[in-house]
Amino acid sequence: MKLDWTALGQVAAVSLGVTVAVVVVFAFGVLGLARVEGARENEEGTQALGFTQAGLCFLACAAVVAYGIYLIVPQFH
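Small disclaimer: the values here were computed from a predicted structure and weren't measured. (Residues numbered from 1 in each chain as written. Predicted model: local features only at pLDDT ≥ 70, side-chain atom pairs only at ≥ 80, totals over all residues. Heavy atoms only, no water.)

(A) Structural view of the overall build of the chain. For the chain, the count of helices and strands is two helices and zero strands. Compactness check: the chain gives a C-alpha radius of gyration of 18 Å against a globular reference of 11 Å for 77 residues, more than 25% above the reference. Principal-axis analysis of the C-alpha atoms places the extent of the chain at approximately 65 × 25 × 10 Å. Taking all 77 residues of the chain together, 12% fall into the buried category. For the chain, the share of sequence-separated contacts (at least 6 apart) that also reach a separation of at least 24 residues comes to 44%. (Helix = DSSP H or I, 4+ residues; strand = E, 2+ residues; numbered from the N terminus. Rg over C-alpha atoms; globule rule 2.2 N^0.38 Å. Buried < 20%, exposed > 50% of the residue type's maximum accessible area, 1.4 Å probe, protein only. Contact = heavy atoms within 4.5 Å.)

Given below as structure tokens:
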């Protein structure tokens, strides 16, 4: 049995990269929610921007998770 070490390295690198990207996007979503809370405390009218940022970031994270599940489950192909 031979292992294709190049392919294994590519899979590991892409997995690490996507994981870091999802964590960063999720952190931006949490930052958006923090902006909403900050706007509520200061009674400013910038809550919509925070909600939009959080919603888009969390939607992107959910899309990546759904795509990963699609790739893993063979009945979806």
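(B) Focus on the side chain of Gln 53. Note that Gln 53 resides in helix H2 (residues 47-72). On the accessibility criterion, Gln 53 (18% relative accessible area) is buried. Within polar-contact distance, the side chain of Gln 53 engages the backbone oxygen of Phe 28 at 3.0 Å. Beyond its immediate sequence surroundings of up to four residues, Gln 53 is in contact with Phe 28, Leu 31, Gly 32 and Arg 35. (Polar contact = N/O pair within 3.5 Å; in protein donor to acceptor, adjacent residues only side chain to side chain.)

(C) Looking closely at the packing of helix H1 (residues 5-42) against H2. Their axes nearest at 8 Å, the elements H1 and H2 cross at an angle of 155 degrees. In terms of axis orientation, H1 runs roughly antiparallel to H2. When you trace H1 past H2, the crossing you get is left-handed. In terms of residue class, the contact of H1 with H2 is built from 17 nonpolar, five polar and two charged. (Axes fitted to C-alpha atoms, helices over the stretch in contact; angles between N-to-C directions. Parallel < 35°, antiparallel > 145°, perpendicular 65-115°, else oblique. Left-handed = near helix turned anticlockwise from the far one by under 90°. Nonpolar A, V, L, I, M, F, W, Y, C, P; charged D, E, K, R; others polar.)

(D) Spatial organisation of the packing of aromatic side chains. Summed over the entire model, instances satisfying the criterion amount to two aromatic pairs. Ring centres of Phe 26 and Phe 58 lie 5.1 Å apart, and the angle between their planes is 50 degrees; this geometry places the pair in the tilted category. Linking Phe 26 in helix H1 with Phe 58 in helix H2, this pair joins segments that are 32 residues apart in sequence. (Phe/Tyr/Trp six-rings, centres within 6.5 Å; stacked < 30°, edge-to-face > 60°.)

(E) Just H1, in detail. For H1, which comprises 38 residues, the first-to-last C-alpha distance of 55 Å matches the rise-based estimate of 56 Å (1.5 Å per residue) to within 8%. Buried residues of H1: Gly 29, Gly 32, Val 36 and Ala 39, and no others. Tucked inside the fold, the buried residues of H1 contact H2. Phi turns positive, to about 55 degrees, at Glu 43, one or two residues after H1. (Expected span 1.5 Å × (residues − 1).)

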